[in-house]
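Residue strings, one per chain:
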Amino acid sequence: MAPVWYERLTEGLTRTRESLQGQLNVLLRKGPDLDVEFWSDLEDTLVAADMGAAAVTEIVDRLRDDATREALPDAQAVLDRLVHEIAAEIRTSKADLLAEKPLVVLVVGINGTGKTTTVGKLAKALSDEGRRVVIGSGDTFRAAAIEQLRIWATRANVPVVERERGSDPASVSFDTLRSAEAQDADLVLIDTAGRLHTSPDLMAELQKVHRVTQRESRWPVRVLLVMDATTGQNGLVQAREFDRALGLDGIVLTKLDGTAKGGIAVAIARDLGLPIVRIGVGEDVDDLRPFDPDEFARALVTGA
Ligand SMILES: Nc1nc2c(ncn2[C@@H]2O[C@H](COP(=O)(O)OP(=O)(O)OP(=O)(O)O)[C@@H](O)[C@H]2O)c(=O)[nH]1
Ligand SMILES: [Mg+2]
């Protein structure tokens, strides 16, 4: 039997897989001919799952080469090979960015992508693994953000550092770092307010938070962008802007359970050259998973 977390992953990717498989079945039914039309239909199918045109062209070109060289007998054989090709396309660095110790992580992104939830899930998972976590409540803007994070901190049983609503978020970073050092922590997770990548004032504020965090931290500071998979290709535009403003170290891709376009992971890994550090496949505390290219490709295409 598949482990529970893999079931959650395949469950989370159900929409993408069903849509992909529906299309692929149409291809399979058309018969064994690997003609020009087959390859072009396959390209269309993968593009529709949001994998991105450039990545899809590469994947399909490689499959076509394989089919010629190794005489893949039929469409079914090609689809079996597809999993390997997708995995190869999304394979980035093997090391887990969050394994570094001690470490400060600034969590950023546009509104509602799942930043606060991700901070909560990470705090729980990593403190369960023995990390000494302190959370910083850097969203001093949105009503109820502080309470929302406090609930997660309680759930994860880790301390949270906060200031009253309307405070300077950079000063929350400052307080959090001092508190983490005093408590001999080894992982600081700092939540930030959601903001549009197109808002110069809010991006400047975030740059200041980042600057202060870097200046005040004795530990390495990494910036994680939380991206909502349901935003599709626009997520790539957001990521480029945040990267330009801050220099991103990795991506957390959330809400993969809520979209038929999970192929966006392929576009991210390929086009941004940034590691996907974790993926969100639901709202529960357990629904944050490591991103393993082979498992992900398998869950996406076959679900077995
Ligand atoms: N289905 C699903 N929902 C998620 C996932 N991650 C977060 N959510 C939900 O998305 C909504 C927004 O999550 P938040 O964590 O508040 O998002 P945020 O980025 O902090 O939002 P702002 O602080 O307002 O910018 C909540 O209802 C979460 O439960 C996920 O992986 N899957
Ligand atoms: Mg939030």
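Presented here is an overview of the structure given in this document.

About the criteria used
- Residues numbered from 1 in each chain as written.
- Chains lettered and ligands numbered in written order.
- Predicted model: local features only at pLDDT ≥ 70, side-chain atom pairs only at ≥ 80, totals over all residues.
- Heavy atoms only, no water.
- Near = heavy atom within 4 Å.
- Polar contact = N/O pair within 3.5 Å; in protein donor to acceptor, adjacent residues only side chain to side chain.
- Areas by Shrake-Rupley, 256 points an atom, 1.4 Å probe, with all protein chains shown as cover.
- Helix = DSSP H or I, 4+ residues; strand = E, 2+ residues; numbered from the N terminus.
- Expected span 1.5 Å × (residues − 1).
- Bend = angle between axes of the 7 residues up to and from the residue.
- Buried < 20%, exposed > 50% of the residue type's maximum accessible area, 1.4 Å probe, protein only.
- Contact = heavy atoms within 4.5 Å.
- Arc of directions from axis to C-beta.
- Salt bridge = Lys/Arg side-chain N within 4 Å of Asp/Glu carboxyl O.
- Patch = residues over 30% accessible without salt bridge, like charges linked within 9 Å, V, L, I, M, F, W, Y side chains within 5 Å.
- Lys, Arg positive; Asp, Glu negative; His and termini not counted.
- Charge placed at Lys NZ, Arg CZ, Asp CG, Glu CD.
- Core = buried A, V, L, I, M, F, W, Y, C linked by side-chain atoms within 4.5 Å.

In the neighbourhood of ligand 1, 19 residues make up the surrounding shell, with Lys115, Thr116, Thr117, Asp257 and Glu283 lying closest. A distance of 2.7 Å separates an oxygen atom of ligand 1 from a polar side-chain atom of Lys115. At 2.5 Å from an oxygen atom of ligand 1 is found a side-chain nitrogen or oxygen belonging to Thr117. Across the complex, the protein chains shield 81% of the 650 Å² of accessible surface that ligand 1 would expose by itself. Tallying contributions element by element places helix α6 (residues 115-128) first for the shell around ligand 1, with four residues.

The terminal C-alpha atoms of helix α5 (residues 75-90), which comprises 16 residues, lie 23 Å apart, in line with the 22 Å expected from a rise of 1.5 Å per residue. For α5, the principal kink sits at Arg81 and spans about 25 degrees. For α5, a buried count of twelve out of 16 residues is recorded, marking the element as mostly surrounded by other parts of the structure. All of the buried residues along α5 are Ala75, Ala77, Val78, Leu79, Arg81, Leu82, Val83, Glu85, Ile86, Ala87, Glu89 and Ile90. Here the buried face of α5 lies against α2 (14-29), α3 (36-48), α4 (53-69), α11 (264-271) and α12 (293-301).

Moving on, we get to α4. Its 17 residues give α4 an end-to-end C-alpha distance of 24 Å, which sits within 8% of 24 Å, the value for a rise of 1.5 Å per residue. Taken together, the buried positions of α4 are Ala55, Val56, Ile59, Val60, Leu63, Asp66 and Ala67. Viewed along the axis of α4, the buried residues span an arc of 120 degrees, placing them on a single side of the element. Exposed and oriented more than 90 degrees from the buried face of α4 are Ala53, Thr68 and Arg69. Elements that come into contact with the buried residues of α4 comprise α3, α5 and α11.

On to the pattern of salt bridges. Here the structure, examined in full by the defined rule, presents 26 salt bridges. One salt bridge in this structure joins Arg91 and Asp294, with 2.8 Å as the shortest N-O distance. In this pair, Arg91 is assigned in the loop between α5 and β1 (103-108) and Asp294 in helix α12, connecting sequence segments 203 residues apart. Here Glu100 makes a salt bridge to Arg222, at a shortest N to O gap of 3.0 Å.

Secondary-structure assignment places Asp287 in the loop between β7 (276-280) and β8 (288-290). Leaving out residues up to four positions away in the same chain, Asp287 has contacts with Arg8, Lys121, Ile279, Gly280, Val281 and Gly282.

Moving on to a negative patch on the surface. Among the surface-exposed residues, Asp257, Glu283, Asp284 and Asp286 lie close enough to one another that they form a single negatively charged patch. Relative to the assigned elements, Asp257 resides in the loop between β6 (250-254) and α11.

This part covers unusual backbone geometry. In this model, Lys101 is joined to Pro102 through a cis peptide bond whose omega is -10 degrees. Phi angles above zero are rare outside glycine, and Asp184 is one such case at about 60 degrees. Tracing the sequence through the fold places Asp184 in the loop between α8 (169-182) and β4 (187-192).

What follows is about the nonpolar core. Counting residues in hydrophobic clusters, the biggest one holds 75 residues, and the most contacted among them are Leu42 and Leu253. No other element matches the nine residues that α5 contributes to this core. With residues up to four places along the chain from it excluded, the contact list for Leu253 reads Met227, Ala229, Ile264, Ala265, Ile268, Ile276, Arg278, Ile279 and Gly280. Within the second largest apolar cluster, 22 residues are counted, among which are Val119, Ala153, Val226 and Val277.

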